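# Coordinate inspection notes
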Amino acid sequence: MPPMQVNRLEKGGRVDRADAVNFTFNGRPLQGYVGDTLASALLANGVKVVARSFKYSRPRGVVGHGSEEPNAIVQVASGAATIPNLRATQVQIYEGLEAFSVGGWPSVDFDLMSVVGWFSRLMPPGFYYKTFMWPARLWLTYEHFIRKAAGLGQAPQLRDPDSYDKLNHHCDVLIVGAGPAGLSAALEAASAGARVIIADEQHEMGGSLLSGKASIGALSGQQWLQDSCEQLAAYGNVTVLPRSTVFGYYDHNFLAILERRNDHLVPQLRTGSRQRLHRVRARQVILATGAIERPLVFANNDVPGVMLASSVCTYLNRYGVAPGKKLLLFTANDNAYQCALDWHAAGRTVVAVVDSRAAPDGPKVNACRRAGIEVIAGHGVIDVKGKKAVNAAIVAPLNAEGTALTGSSRPLDCDLIACSGGWSPVVHLSSHNGVKPRWDSDAIGFLPGVSSQAECSVGAAAGSYTLLACLAEGAAAGASAAGKTGNGNGESGFVAPNTQEKTEHAPQALFLVPHSQRTSRAPKQFVDFQLDVTAASIELAAREGYESVEHVKRYTAMGFGTDQGKLGNINGIAILARALGQDIPSTGTTMFRPCYTPTTFGALAGRDVADLFDPERYTAMHRWHLEHGAQWENVGQWKRPWYFPQSGESLHQAVNRECLAVRSSVGLLDASTLGKIDIQGRDAAEFITRMYTNSYLKLAPGKCRYGLMLKEDGMIFDDGVTACISENHYLMHTTTGGAAGVLAWLELWHQTEWPHLEVYFTSVTDHWSTATISGPNARKVLAKVCDDIDLEGDQFKFLDWRECTVAGVKARVFRISFTGELSYEVNVPAHSGRHIWEALMAAGEEFAITPYGTETMHVLRAEKGFIIVGQDTDGSMTPQDMNMDWIVGKNKTFSFIGKRSLARSDSIREGRKQLVGLRTLDPLQVLPEGSQIVNDPAEAIPMAMQGHVTSSYYSANLKHSIALAVVKGGLGRMGDRVYCPLADGAVIEAEIVDSVFYDPTGERQNV
Amino acid sequence: MLQIKCPYCQELREEDEFSYGGEAHIERPANPEACSDEEWGAYLFFRKNPRGVHHEMWNHAAGCRRYFNVTRNTVTYEILESYPMGEKPAVLAAGPGERN
Amino acid sequence: MSGGSYSGFSLFKNALSYHENWQRAWRSPKPKSDYDVIIIGGGGHGLATAYYLAREHGITNVAVIEKGYLGGGNTGRNTTIIRSNYLWDEAAHLYELALKLWEGLSQELNFNVMFSQRGVLNLGHTLQDMRDIERRVNANRLNGIDGEVIGPAEVQKLVPLLDCSPGNRYPVLGASWQPRGGTARHDAVAWGYARAADALGVDLIQQTEVTGIRRENGRVTGVETNAGFIGARKVGCVVAGNSGVLAAMAGLQLPIESHPLQAMVSEPLRPCLDTVVMSNAVHGYISQSDKGDLVIGAGIDHYTGYGQRGSFHVVEHTMQAICELFPAFSRVRMNRQWGGIVDTCPDACPIISKTPVQGLYFNCGWGTGGFKATPGSGYVFADTVAHDRPHPLAEAFSIDRFYSGALIDEHGAAGVAH
């Protein structure tokens, strides 16, 4: 049986007392009602200590009621679905909710870590910069314990079971915040016909109207709210987003909204995505983000039971919870007197109102006096008695400026201190684009600066705190924004309701309440609750020369918490300004950055994780490979068969078998992934000739040519075979990984430098499936399925291509070779890929045709000394470095891309790294790829490295290992011994040899 | 996140559709072989990189695939104009590393 | 030192007097009319340069001129990763010098920069990644830099929450592991150098903007500032994010483009990630600060920009990478994101160089990786300025390489942001 809700009022509020909700806090069963937040439910149950502070482990209670809450940080749920660091003030309770404090060990009520508090005098800001330095080697040990004490909640340990999605919007007017100003703006903009989105971080629209007792004209505020929401819902052009935080305002009026769709529901009722990221491009933005009440800074102001006055009102009026019995209100303005009036009206005791101003005399002040509430003017609460709960406030007279005590103090018994230092407009979003907010001494707050975006701020966010002003400004802005998007004439039809707004008297700017001792000696006066930053810390930072507000932030950690200083920063800035003897505007604020409130990683990632992280590209033969046990290599986005192990074979056994099969009979490779670019136009040959190092001007239809493509810096970028299909029509092959980059490269040069050349590029990689038959029996295999052309060597030569029919399919067959064997690359329309593959497998059966993967392809080409761009080159190799000067056209009239760079002093110097072969002295020993090469294995470290091994394999055909390497001056060092020192201390000795290991004259491919 | 107008498609589209192409209006030397190493290096690597108004190329990669020019303020990220390749900007840029 | 020596004892002593007697960490002097050397830029590199000028070369008539506050640029905006496992000899030696200096820096500066040698993992996800890792680690070892290639099982042991399933889109095939790498407290580096330089007599002049570089007969004579002209025989520019602007003041152009680079932190969590994890292929890097925040680096924004902010889709891509690597972090929340301005060179290596203007030196172009180099950069730049010739380790980083073609292509080792 859960305990009684000791602080729940009998009536009032927006909770449903007929609908009880059971939940646990730190394992303790408790009950609240539908409509409660975790914070309101905890307060209803009389729970005072909800957390321990970050640095000093002090007991902490709920201070606020929304996203500004610094203390009540909890972990919700357990297992894979656990969520760390939620604010209890923003968690709606549901049946079965489990919540845990994130600090305190073994518990928040009995916390052994609080011994840290005893040493707090040894922990001024930056204490860790000044110590833990000796002995140096122990820092990791010190750090271990520092880390253990840090952090808030626990990261989940398991994969997130939920999904997240995204929605892109365009709208005429995006309104941020659905308080009176935002709603008023939405009504106007919507009635003008604009497409409107209105988002609010709370689960109900209404903002301050939800927790106040104001009336609008003849209506109660709550009734006006209900009517307005119904009106908005009736418009087809309005999207209303509750539980949706606009967390970032980016360039060109792009805003990001996080909608929390599921967390408030009983787990069994959750469907669809947990959260949704709305990506909104708005033509106009209205920021009606409101203001946050500023706490007052006095000694021990962090004892549970010290709260914001507006939060006390909210708990009373919205949730029907009185978080105490005896209230003391401490204020520097008229506005907060409402809290005392509401508390009094709820039938509870108001001990006194302590007002720092000498002669408060506004209407609300006098209403309090009329109600018999004692108003103690010209005083302040300078200290608090109590550890885990407030027992008494220590009250003392202040001078007129509120900077010094003028008499002795006295205790006033109470269990709740509501305080109000005024209001801080929420200028975060308007500042996200680097706009600096400006200080307004009348509003006693920073107001939005002038933005270059199409936006405006209204209501409390712009420093207008009265309800009438909020409604009027909202309406005007709504109409104007709609008008700017072509909806309506921009004029508001707003008629001020007949509401008597009582004039408030001037508030006092009170940022630090003095104590009988100076700040450095007074009990802790907290500015930033979450990170335990005190007034004394800020003064100390200033004393030590950390004078910029950014330095103070970084030195003390002020504003670094998960609340990003929503409560503390203005007080902190003012305290710093005073310490430096300067004013607040010249002190300035730290930079405002997204997120307004913390945003789930998963929601930012959306669907693009796991299977959808990056597309997988499959060839048309993919399923065949899968069925035949292929192991995969990722090449770019492609899945390519790496090798096809037969039962029990290792990688090397399979590759040896595949290699032998190709050279002794015939093999089949899926080469569909090679990039293919169709190039057409009158100037196609000229263009291709500019891009490659060799010339294509005389390449005849039916012929192919291998080319090397350089970047303008002379370094090898791609390679491949280009075929002349017909006059002014070519097909360029690129590397698998380089296809997109090469196409972009061609387009860049054509469009930006030579638009006068008539040439067109089309990516046709996906149009074709390619099966490469390679090996001495390749022709026999092809002949079985292709009878409409003459395949004989003198008719269909190496580097020819033919159009023909293969297994009944129109095909382009290229006689080119990457293995050095007789090879045909059979290209058919993509959808015939599997058909042609199976036909070739069947035709090859009598020759034991062997499917092979990329690894065998790599071995076979390395035997031939053919390079792979990106493996044997690394962006720093020229054609000459690759021993490929033969392909560099010396007499081309046009200076092809990269040519000039080949003549730079560094490109022609002696001693550049050059491609060579390596043979290990032990023929069975395979050099690890990536081994570094030295001349003298006994040399002391750092050793003079000569190059490295780029490709290395065991060659089953040659019965010894082979390697390609780049070695300084390698081409002039044939026969030299070099050494590869390995990580395990072994050294492999090798001899520099020619990079062509097999069939150097190319007889086999020319048969 | 930028919103860029493609002068060919005549539409404002999201930055995700485009790829950045670097400083605009750099011409390849007509006769590279006649360049000194210094001149060639300047063409290859040295850029104006102004703090302020900048002419730059963008490619509508997920759209019409065409390159065009944009005049953009590199501090405020405001885009002042988009214009096709081969045309001259209406808004003048800052000099090298210059502020304006 | 003006602030007295820092120690546990001084902390205790000052606690007894309620911390009222701590001295300023550095003075706030009025600029003199001239200096032997002016360093423009009060970030980590500039402050380190000033410190080593005074400490190693006895040149103490030095001013550091900073337009904002000390350490307010990239020093205070980076993801604090420190490592020296670069591929090419030139870069590796420079970063290793820096790493060695990091190892004694807290003691040398009498300021705990919280250098935490928790190790750095660079993950490999493709066969080519693994070849590159082998090549780099072998080169590192032969250059005297610690490192090893480890397999997925060892990676998993070091990073329990990393998803090492073989079926992943980009499975973890292995990693390079540099145990001496780690992180440091970025602000503390600037403050530590500032305090130590100040103690040696260097004037740190904040909130003063250089508006011109005065030259006579091809020689630098001083700088114009918004507080008037300040003479100097030598001027060193160390202004990451504004190098081009300063160069233009001296009539120079640089092979540099300035781009936004974004980073972000999560809310604080209990310790859950004990090393630095970097992945080029999946495109994310991450560590956990002592405060408990996950510190995450994003990819570079491709357009040039001086706005200290980038585009949202880059943040989304970064979060996709982090959730792909660490599926358990999907429910963790991003607390704050921001951007810096990185000056990138075509080869992802810095420029530490004399210029055609006598007495004017540039140290710039560190791209995405400048923080880790801070002590080494300052050390070799101070030597270069002091002797008017490149320090041996700086020779390869001269601006001339962009004419000769002797680039040092470190895109692979420089990290994800390329």
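This brings us to the pattern of salt bridges. All chains considered together, the criterion is met by 75 salt bridges over all chains. In this structure, Arg58(A) and Asp302(A) form a salt bridge, with 2.7 Å as the shortest nitrogen-oxygen distance. Of this pair, Arg58(A) sits in the loop between β3 (51-52) and β4 (59-60) while Asp302(A) is found in the loop between β16 (291-293) and β17 (306-308), placing the two residues 244 residues apart along the sequence. A salt bridge links Arg331(C) to Asp162(A); the shortest N-O distance between them is 2.7 Å. Here the residue Arg331(C) occupies a position in the loop between α8 (312-325) and β16 (333-344), and Asp162(A) occupies one in the loop between α4 (139-149) and β8 (164-176), the pair thus bridging two chains. Residue classification places Arg331(C) among the buried positions, given a relative accessible area of 1%. Taking relative accessible area as the criterion, Asp162(A) reaches 29% and is therefore assigned partly exposed. Among the charged side chains, a salt-bridge network with shared partners connects Glu96(C), Lys100(C), Glu103(C), Asp146(C) and Arg180(C).

On to the confidence of the model for chain C. Taken over all residues, the pLDDT of chain C has a mean of 95, while the share at 70 or more is 98%. Predicted as a complex, the structure gets a pTM of 0.96 and an ipTM equal to 0.97.

On the side of chain C, 102 residues touch chain A, which itself brings 122 residues to the contact. When the two sides are added together, the surface that chain A and chain C hide from each other amounts to roughly 10,100 Å², 52% of it contributed by carbon and sulfur. Contact with chain C buries surface across chain A, with Tyr129(A), Arg147(A) and Phe601(A) losing the most and accounting together for 9% of the total. At the junction of chain A with chain C, the criterion picks out 15 salt bridges. Across the pair Arg518(A) and Glu20(C) runs a salt bridge, and its minimum N-O distance is 3.0 Å. The interface formed by chain A and chain C includes 74 residue pairs in polar contact (both at pLDDT 80 or more). Taken together, the residues of the side of chain A that touches chain C break down into 56 nonpolar, 35 polar and 31 charged. Relative to β16(C), strand β31 (residues 599-600) of chain A runs antiparallel, the two being bridged by two bridges.

A few words now on the nonpolar core. Counting 102 residues, the largest nonpolar core has Leu53(C), Trp102(C) and Tyr193(C) as its most contacted members. With nine residues, the single largest contributor to this core is helix α3 (residues 89-109) of chain C. For Leu53(C), the residues in contact, after removing those within four places along its chain, are Val37(C), Ile39(C), Gly58(C), Ile59(C), Val62(C), Ala382(C), Val385(C) and Ala386(C). Within the second largest apolar cluster, 67 residues are counted, among which are Phe45(B), Phe46(B), Val239(C) and Ile341(C).

Attention now goes to the domain arrangement of chain A. Annotation of chain A at the domain level lists domain 1 (16-123), domain 2 (164-291 + 425-484), domain 3 (293-424 + 504-587), domain 4 (622-672 + 770-860), domain 5 (675-766) and domain 6 (910-1006). For domain 1 of chain A versus domain 5 of chain A, the distance between C-alpha centres works out to 65 Å.

Residues and elements named next belong to chain A. On the surface, Trp 105, Phe 110 and Leu 112 cluster together into a nonpolar patch covering about 370 Å² of accessible area. Turning to its location among the elements, Leu 112 is positioned in the loop between β7 (97-101) and α2 (115-118). Given the relative accessible area of 41%, Leu 112 is considered partly exposed.

So, how was this worked out
- Residues numbered from 1 in each chain as written.
- Chains lettered and ligands numbered in written order.
- Predicted model: local features only at pLDDT ≥ 70, side-chain atom pairs only at ≥ 80, totals over all residues.
- Heavy atoms only, no water.
- Salt bridge = Lys/Arg side-chain N within 4 Å of Asp/Glu carboxyl O.
- Helix = DSSP H or I, 4+ residues; strand = E, 2+ residues; numbered from the N terminus.
- Buried < 20%, exposed > 50% of the residue type's maximum accessible area, 1.4 Å probe, protein only.
- pLDDT = per-residue confidence, 0-100.
- Contact = heavy atoms within 4.5 Å.
- Buried area = accessible area lost by both parts, 1.4 Å probe.
- Polar contact = N/O pair within 3.5 Å; in protein donor to acceptor, adjacent residues only side chain to side chain.
- Nonpolar A, V, L, I, M, F, W, Y, C, P; charged D, E, K, R; others polar.
- Pairing = 2+ DSSP bridges.
- Core = buried A, V, L, I, M, F, W, Y, C linked by side-chain atoms within 4.5 Å.
- Domains from an automatic or database assignment.
- Patch = residues over 30% accessible without salt bridge, like charges linked within 9 Å, V, L, I, M, F, W, Y side chains within 5 Å.
- Areas by Shrake-Rupley, 256 points an atom, 1.4 Å probe, with all protein chains shown as cover.

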